[in-house]
Amino acid sequence: MKILTILGARPQFIKAGNLSRELKKYDGIREIIVHTGQHYDANMSDIFFEQMQIPKPDYKLNSGGKTHAAMTADIMCGVEEIAIREKPDFIVVYGDTNSTLAGALVASKLHIKLAHIEAGLRSFNMLMPEEINRILTDRVSNILFCPTDVAVQNLKNEGFDRFECKIIKSGDIMQDGAMFYKKIAKKPSIKINNNFILCTVHRAENTDDKTRLTAIFTALNDIATQKQIILPLHPRTKNIIKNLDIDISNISVIEPVGYLEMVWLIDNCDFVMTDSGGLQKEAFFFKKPCLTLRDETEWVELVKCGANKLVGADKNKILSNYELIKNGFHCDFELDLYGGGKASEIIAKELIK
Ligand code: UDP
């Protein structure tokens, strides 16, 4: 049996690595990995794959740095050629990127079975390119592996019950990774206080909006006078902050870190402040509260159980919720919201059926 996996960025490789390791336990399965090159990443050297125990891609496309249309089209052409040559039984896509959508369109038009991992998630914000990618990919998938009950319900609400597809609640494949990498996490070589906040800000809705970015960093810089904030910062965001002359002098800004270091930081911080989708969940996996610097989230169950507070880009809301969290904040981190790290096992069993 042949599985063609389409990946476009480092976080997708990390997630997919969990399923790759699981598939290796079975005889007669060959996984072929395509790196679409959607996000060029200098940190994805051979060492990255070895350290993370992830198989290296078999094919590499060069689709990065283009408009949405040009990138999607490029990936489609590349994946189509590979799919015709390799004749896989399944194409597997993850999440909500342009690579996800491009892989999905190729699979459906070549009549190759399509499995979507992280299916059914919705932000209900059609201005987000990710939302468009998710909805369209879900619609043409044959097997939809949902991370949560809410994701299953979203699909049912959209009438997927009546479509020719299989909806399976697999749990969240990121939790598999969190449990695996916790054992080999690495402390970053920077000065870290005993108590610190881990923070990331990278979403376009914040970085490309002067008012939002200024409000967020004014609040963060203020909080950082009381408690260390460690902020791995992408050079792009760093430049925008510099150009806007926003004061971040109190914040411990560091270069983006490798995933093993990131896992250490999540595991050892007091709490998380972020606009990242993945990090909101990772905070929960490591039993840490999270203030989310966005107006909505796909991970509504985290807000419902109280582990996650949506604070948007509102300075006063950020500061008041920081006070709340600081003064003892309780939520049931034992709740089984994401399947307990068994997603890869469930997905692999279903694919080889
Ligand atoms: N991450 C990392 N190093 C960093 C920043 C993030 O390893 O310096 C990890 C993070 O823990 C999460 C993933 O990258 O697993 C998420 O990426 P990002 O925040 O860019 O995207 P999103 O989750 O919003 O798609």
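Residues numbered from 1 in each chain as written. Predicted model: local features only at pLDDT ≥ 70, side-chain atom pairs only at ≥ 80, totals over all residues. Heavy atoms only, no water.

(A) How the structure looks around the overall build of the protein chain. From N to C terminus, the protein chain includes 15 helices and 13 strands. Relative to the compact-globule value of 20 Å for 353 residues, the protein chain shows a C-alpha radius of gyration of 20 Å, a close match. By the burial criterion, 57% of the 353 residues in the protein chain qualify as buried. Taking the intrachain contacts of the protein chain between residues at least 6 apart in sequence as the baseline, contacts between residues at least 24 apart amount to 69%. Charge separation in the protein chain, taken as the distance between the mean sites of 45 positive and 46 negative side-chain charges, equals 2 Å. (Helix = DSSP H or I, 4+ residues; strand = E, 2+ residues; numbered from the N terminus. Rg over C-alpha atoms; globule rule 2.2 N^0.38 Å. Buried < 20%, exposed > 50% of the residue type's maximum accessible area, 1.4 Å probe, protein only. Contact = heavy atoms within 4.5 Å. Lys, Arg positive; Asp, Glu negative; His and termini not counted. Charge placed at Lys NZ, Arg CZ, Asp CG, Glu CD.)

(B) Region of the structure containing the UniProt feature "domain: UDP-N-acetylglucosamine 2-epimerase" (unreviewed entry) in the protein chain. In this numbering, the UniProt entry assigns the feature "domain: UDP-N-acetylglucosamine 2-epimerase" (unreviewed entry) to residues 21-350. Taken end to end, residues 21-350 has its terminal C-alpha atoms 15 Å apart, with 43% of it in helix and 15% in strand. (UniProt positions renumbered as here; feature names shortened; annotations may be inferred.)

(C) How the structure looks around the layout of surface pockets. In this structure, the second largest pocket encloses a volume near 320 Å³. The wall of the second largest pocket is formed by 19 residues, among which Gln51, Val257, Gly258, Tyr259 and Glu261 lie closest to the centre. Of all the elements in the fold, those that place two or more residues in the lining of the second largest pocket are helix 2 (46-52) and helix 11 (259-268). Considering each element in turn, the lining of the second largest pocket owes the most residues, four residues, to helix 2. Looking at the lining of the second largest pocket, its residues break down into 10 nonpolar, five polar and four charged. (1 Å grid on protein atoms, 1.4 Å probe; cavity = no way out; pocket = protein on both sides within 12 Å on 5 of 7 lines; lining within 4 Å. Points joined across faces, edges and corners; volume = space filled by probe spheres on them. Nonpolar A, V, L, I, M, F, W, Y, C, P; charged D, E, K, R; others polar.)

(D) Structural view of the sheet that holds strand 5 (residues 113-117). Taken in spatial order, the seven strands line up as 3-2-1-4-5-6-7 in an open sheet, and their pairing is parallel. On the outer flanks of this sheet lie strand 3 (59-60) and strand 7 (166-169), each paired with one strand and no other. In terms of strand pairing, strand 1 (residues 2-7) meets strand 4 (residues 90-94) through four bridges, oriented parallel. Bridge pairing in strand 4 places Ile3 opposite Phe90. (Pairing = 2+ DSSP bridges.)

(E) Structural context of empty space enclosed by the protein. Scanning the model with the defined rule gives one cavity of 30 Å³ or more in all. Approximately 30 Å³ is the volume attributed to the largest cavity. Around the largest cavity, the lining residues are Ile117, Glu118, Phe145, Cys146, Pro147, Ser170, Gly171, Asp172 and Ile173.

(F) View of the side chain of Gln280. Looking at the element boundaries, Gln280 is found in helix 12 (residues 277-285). Within the structure, Gln280 has its side chain in polar contact with the backbone oxygen of Ser276 (distance 3.1 Å). Separated by 2.7 Å, the side chains of Gln280 and Thr297 make a polar contact. Setting aside residues up to four positions removed in sequence, Gln280 forms contacts with Thr274, Cys290, Thr292, Arg294, Thr297, Trp299, Leu302 and Asn308. (Polar contact = N/O pair within 3.5 Å; in protein donor to acceptor, adjacent residues only side chain to side chain.)

(G) Focus on the site of the ligand. Taken together, 13 residues sit near the ligand, with Val257, Ser276, Gly277, Gly278 and Glu282 positioned nearest. The separation between an oxygen atom of the ligand and a polar side-chain atom of His202 is 3.4 Å. At a separation of 3.1 Å, an oxygen atom of the ligand approaches a polar side-chain atom of Arg203. Burial of the ligand by the surrounding chains reaches 77%, relative to a free accessible area of 540 Å². (Near = heavy atom within 4 Å. Areas by Shrake-Rupley, 256 points an atom, 1.4 Å probe, with all protein chains shown as cover.)

(H) Local environment of the environment of Gly278. Residue position: Gly278 is located in helix 12. Gly278 gets classed as partly exposed once you look at its relative accessible area, which sits at 22%. Residues Gly278 and Ala42, 236 residues apart in the sequence, show an inter-C-alpha distance of 21 Å.

(I) Expanded view of the nonpolar core. Counting residues in each nonpolar core, the largest one holds 67 residues, and the members touching the most others are Leu19, Leu198, Phe284 and Leu351. If one sorts the elements of this core by residue count, helix 11 sits on top with seven residues. When residues no more than four places from it in sequence are discounted, the contact partners of Phe284 are Leu302, Cys305, Ala307, Asp332, Phe333, Leu335, Leu337 and Tyr338. Of all hydrophobic cores here, the second largest spans 28 residues; its members include Ile197, Cys199, Met273 and Leu291. (Core = buried A, V, L, I, M, F, W, Y, C linked by side-chain atoms within 4.5 Å.)

(J) Quick peek at the pattern of salt bridges. Scanning the entire structure with this criterion turns up 28 salt bridges. For Glu81, the salt bridge is made with Arg85, and the minimal N-O distance between the two is 3.4 Å. Taken as a pair, Glu81 and Arg85 lie in helix 3 (residues 68-86) at a separation of four residues, close to a single helical turn. When the shortest N-O distance is used, the salt bridge between Asp295 and Arg212 registers 2.9 Å. On the criterion of sequence distance, the pair formed by Asp295 in the loop between strand 12 (290-292) and helix 13 (300-304) and Arg212 in helix 9 (residues 210-223) is long-range, its members being 83 residues apart. (Salt bridge = Lys/Arg side-chain N within 4 Å of Asp/Glu carboxyl O.)

(K) Highlighting the environment of Asn308. Summarising the element assignment, Asn308 is placed in strand 13 (residues 308-310). With a relative accessible area of 2%, Asn308 lands in the buried category. Along the primary structure Asn308 and Thr297 are separated by 11 residues, whereas in three dimensions their C-alpha atoms are 9.6 Å apart. Among all residues touching Asn308, those that are not within four sequence positions of it are Gln280, Cys290, Thr292, Leu302 and Val303. Among the polar contacts listed, one links the side chain of Asn308 to the side chain of Gln280, at a separation of 3.0 Å. A polar side-chain atom of Asn308 sits 2.7 Å from a polar atom in the side chain of Thr292.

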